[in-house]
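Here's the letter readout for the chains.
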Amino acid sequence: MTVTQSASSQPRTRVLVLISGNGSNLQALIDAQRSGTLPVELVAVISNRPGVKGLQRAESAGIPTEVVDHTLFDNRDNFDQALQQTIDAYAPDLVVLAGFMRILTERFTHHYHGRMLNIHPSLLPKYQGLNTHERVLQAGDAEHGVSVHFVTAELDGGPVALQARVPVLPDDDANRLAQRVLQQEHRIYPLAVKWFAQGRLRMVDGRVFMDSEPLGPSGYPIDNHASI
Ligand code: GRF
């Protein structure tokens, strides 16, 4: 793993974050890193959309930013190649998708195999894709949640690393439910990145291991009391 030396000469995992919009998960990573609970270096933030709030959040935190605007490319492959080049110039150890709203090519996902995480607002494998909160309410589920997973070629289909559960309340609408899920996202994503950086969380042969123990299909369960 490539590492850089911090001022205290502690090795730091190089983390690069991809966003498309608001960047509240990015903010959770920035806050955890700044408070000293997330011992990584946030080397860059890349957005596929110019002018989004997440880019402002990165700039305010003094993190280098880049835009690789997908609308300027005539196909997915060319966009992914440009994105890959931009990412690799920062030599990250881990690529973190935080609200990055693009379908990725197989070639791209292979390149970052075992070193790219995504966060998805559902208890995967349930509700891959969009509008997860609406779909949970329509189905009448009693429980919803969020998953952090390693990225593979299958959209929202890579092995789950961590999950946090959120009860569905009788007066929930999609907005209220989304807010409570988002609160959990902001807890579990910094934790997942920290555990990856510490070498505790790994994907080997398509399976996720935590402290060398293989995890089941729901990953490592995060209860309401766990915190970074
Ligand atoms: C989050 O709900 C995340 O799970 C999903 O997109 C949303 C991004 O939110 N993939 P933000 O940009 O981090 O605020």
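What comes next concerns the included structure. Predicted, not measured: the structure shown is a model, and the values here were computed from it.

**Details of helix α3 (residues 76–88)**
No. 1: Here α3 is 13 residues long and its end C-alpha atoms lie 18 Å apart, about the 18 Å a rise of 1.5 Å per residue gives.
No. 2: What α3 keeps buried is the set Phe79, Asp80, Ala82, Leu83, Gln84, Thr86 and Ile87.
No. 3: Along its buried surface, α3 packs onto β2 (11–19), β3 (40–47), β4 (65–67), β5 (94–97) and α4 (106–111).
No. 4: Of the residues flanking the start of α3, the one acting as N-cap is Asn75, its side-chain oxygen 3.1 Å from the backbone nitrogen of Asp77.

**Regarding unusual backbone geometry**
No. 1: Residue Pro125 is bonded to the preceding Leu124 through a cis peptide linkage, with omega at 10 degrees.
No. 2: The residue Pro125 is located in the loop between β6 (116–120) and α5 (132–139) in this model.
No. 3: Non-glycine residue Asp156 carries a positive phi angle of around 55 degrees.
No. 4: Within the element layout of this structure, Asp156 appears in the loop between β7 (143–150) and β8 (160–167).
No. 5: Unusually for a residue other than glycine, Asp205 sits at a positive phi of about 50 degrees.

Cut-offs used in this document
Residues numbered from 1 in each chain as written. Predicted model: local features only at pLDDT ≥ 70, side-chain atom pairs only at ≥ 80, totals over all residues. Heavy atoms only, no water. Helix = DSSP H or I, 4+ residues; strand = E, 2+ residues; numbered from the N terminus. Expected span 1.5 Å × (residues − 1). Buried < 20%, exposed > 50% of the residue type's maximum accessible area, 1.4 Å probe, protein only. Contact = heavy atoms within 4.5 Å. Polar contact = N/O pair within 3.5 Å; in protein donor to acceptor, adjacent residues only side chain to side chain.

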